[in-house]
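One letter stands for each residue in the lines below.
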Amino acid sequence: MSLNEDTASAASEVNPRYARQSVLDVVGARGQQRLAASTVVIVGCGALGSMQAELAARAGVGRFIIVDRDVLELHNLQRQLLFDEQDVRDRLPKAVAAARRLRQINSEIVTEERVADVTPANVVEFVSQADLVLDGTDNFETRFLLNDAAVQQGKPWVYGGVLGTDGTVMAVRPAAGPCLRCVFPTPPEAGDMPTCETQGVLNTAVAWVAGLQVTEALKILVGEPAEDSRFHALDVWGGSLNSVRIRRKDDCPCCGLKQFEFLDAKRGSSSTVFCGRNAVQVTPAEPTSPDYDALCARLTPLGTVTVNGLVLEFAVDSHRLIVFPDGRVLVMGTTKTAEARSLVAKYIGA
Ligand SMILES: [Zn+2]
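Residues numbered from 1 in each chain as written. Predicted model: local features only at pLDDT ≥ 70, side-chain atom pairs only at ≥ 80, totals over all residues.

A look at the overall build of the chain
- When its secondary structure is counted, the chain shows 14 helices and 14 strands.
- Taking 20 Å as the expected radius of gyration for a compact globule of 350 residues, we find that the chain reaches 21 Å, a close match to that expectation.
- Projecting the C-alpha coordinates of the chain onto the three principal axes gives extents of approximately 75 × 45 × 40 Å.
- Here the chain holds 350 residues, and the buried ones make up 42% of them.
- Sequence separation of 24 or more characterises 66% of the internal contacts of the chain that already satisfy a separation of 6 or more. (Helix = DSSP H or I, 4+ residues; strand = E, 2+ residues; numbered from the N terminus. Rg over C-alpha atoms; globule rule 2.2 N^0.38 Å. Buried ≥ 20, exposed ≤ 12 C-beta atoms within 10 Å, placed from the backbone. Contact = placed C-beta atoms within 7 Å.)

Here's what the structure looks like:
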């Protein structure tokens, strides 16, 4: 087949939905087809993740796996563009609400939702299915875990963080460049970093970071970019973007020495304080399948129970306990792990 015939053949297969994108030189018909054949895993579907999901779905990425551990709350709507007030009223898990909305936006793609916490025990299961992973998390613990899994599996991923009016982005291509630990050798100590809750976050900063992350993702998916890896730091309020070339470190524990310390770590404590959320997550040692009917019968005399088929919510005094299908319980109204575990033991029986 000559070049002209090849081009004509590819052009004839262009989906008109993507005409304004596939006509771009940097995408082309071939690039559009590569997107349709790609699987993207989005880890965390809050501010960054929900915007990444919408942009990538509209761009024609063929398959998504959306992983998120949380349920929607009203204060999410300021910056989490996929969701609306009905999703909040329904107390939907973010992964479920996101997948439902993506199906409305683009019925030609496949979207799978996983209401789960990403841990050393399951991260490889998610990453191994991906052509690329998008970082929609809000914590470095999970990012270092993702970095380990992605480098071990040889999968590209795009880091992104946002706080206040600032953001950072870096694409990690294990086959061709540095990883997150080449930039940050160790994660910051818990509590050292300001959070969106204490410092706030501008939704336009989220939009810029997510837009840059998805752009980096599209570049990788339509064809391996030849350019060097860069770490981008932006300030949307000040209108600045600084990009620094990053080189792989030979002695990087992850990509240099192949020591996957975060992936190999045993599970940490079974309770996690949700940063600035006035909430603690209590995770059982082994995943369980809570019997919602039995819980509902037992808890109804003690407080207000709501079951929406996906999660069970129990409100008692000033606390709300949200029970997930994998046995995790999110205790709202406290930042004390001991109190949270006591409430779970008292009412749920973990
Ligand atoms: Zn590295």
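What to know about the sheet that holds strand E13 (residues 319-323)
- Here six strands make up an open sheet; going across it, the order is E9-E10-E14-E13-E12-E11 and the pairing antiparallel. The sheet is open, and its two borders are formed by strand E9 (271-274) and strand E11 (304-307), each paired with just one other strand. Going from strand to strand, the sheet's axes swing by 20° on average, the running direction of each strand aside.
- Looking at chain direction, E9 and strand E10 (residues 279-282) are connected through four bridges and run antiparallel. From the neighbouring strand, Val273 faces E10, where its bridge partner is Val280. (Pairing = 2+ DSSP bridges. Axes fitted to C-alpha atoms, helices over the stretch in contact; angles between N-to-C directions.)

Considerations on helix H11 (residues 203-222)
- The first and last C-alpha atoms of H11 sit 28 Å apart over 20 residues, in line with the 28 Å expected at 1.5 Å per residue.
- Taken across its 20 residues, H11 has 14 buried, putting it largely inside the fold. (Expected span 1.5 Å × (residues − 1).)

Here's the deal with the environment of Val316
- For Val316, the location among the structural elements is in strand E12 (residues 312-316).
- On the basis of neighbour count, Val316 is assigned to the partly exposed category, with 16 C-beta atoms found within 10 Å.
- Sequence spacing of Val316 and Leu343 is 27 residues, and the spatial spacing of their C-alpha atoms is 9.9 Å.
- Ignoring any residue separated from it by four or fewer positions in sequence, one finds Val316 in contact with Leu302, Gly303 and Tyr347.

Quick notes on the domain arrangement of the chain
- Here the chain is described as being made up of domain 1 (38-264) and domain 2 (271-347).
- For domain 1 versus domain 2, the distance between C-alpha centres works out to 27 Å.
- Contact with domain 1, which involves 16 residues of that partner, is made by 14 residues of domain 2.
- Looking at the side of domain 1 that touches domain 2 element by element, the count peaks at three residues for helix H10 (residues 196-199). (Domains from an automatic or database assignment.)

Examining the environment of Arg89
- Turning to its location among the elements, Arg89 is positioned in helix H5 (residues 85-89).
- Classification of Arg89 as exposed rests on a count of 11 C-beta atoms within 10 Å.
- Measuring from C-alpha to C-alpha, the distance between Arg89 and Leu74 comes to 8.6 Å, with 15 residues separating the pair along the chain.

Regarding unusual backbone geometry
- Residues other than glycine seldom take positive phi values, yet Arg91 does so here, at roughly 55°.
- Assignment of secondary structure puts Arg91 in the loop between H5 and helix H6 (94-105).
- Judged by local crowding, Arg91 falls into the partly exposed class, with 19 C-beta atoms found within 10 Å.
- Positive phi, normally seen in glycine, also occurs at Lys258, with a value near 55°.
- Note on Lys258: 11 C-beta atoms within 10 Å, which makes it exposed.

A short note on the sheet that holds strand E5 (residues 157-163)
- Strand order in this open sheet of eight strands is E3-E2-E1-E4-E5-E6-E7-E8, and the pairing throughout is mixed. A single partner strand is all that each edge strand has here, and the edge strands are strand E3 (110-115) and strand E8 (240-245). This sheet shows a mean twist of 15° between the axes of neighbouring strands, independent of strand direction.
- Here six bridges tie strand E7 (residues 230-235) to E8, and the two strands are oriented antiparallel to one another. The residue of E8 that forms the bridge with Phe231 is Val244.
- In this fold helix H8 (residues 140-153) packs onto strand E1 (39-43), strand E4 (132-135), E5 and strand E6 (166-172), with an angle of close to 170° to the strand it touches most, E4.

Some details on the pairing of E12
- As judged from the four bridges shared by E11 and E12, these two strands associate in the antiparallel manner. Residue pairing for E12: Thr306 is matched across the bridge by Glu313.
- With five bridges connecting them, E12 and E13 associate as antiparallel partners. For Ala315, the partnering residue across the bridge sits in E13 and is Arg320.
- Hairpin connection from E12 to E13: two residues lie between these consecutive antiparallel strands, with Asp317 at a positive phi of about 50°.

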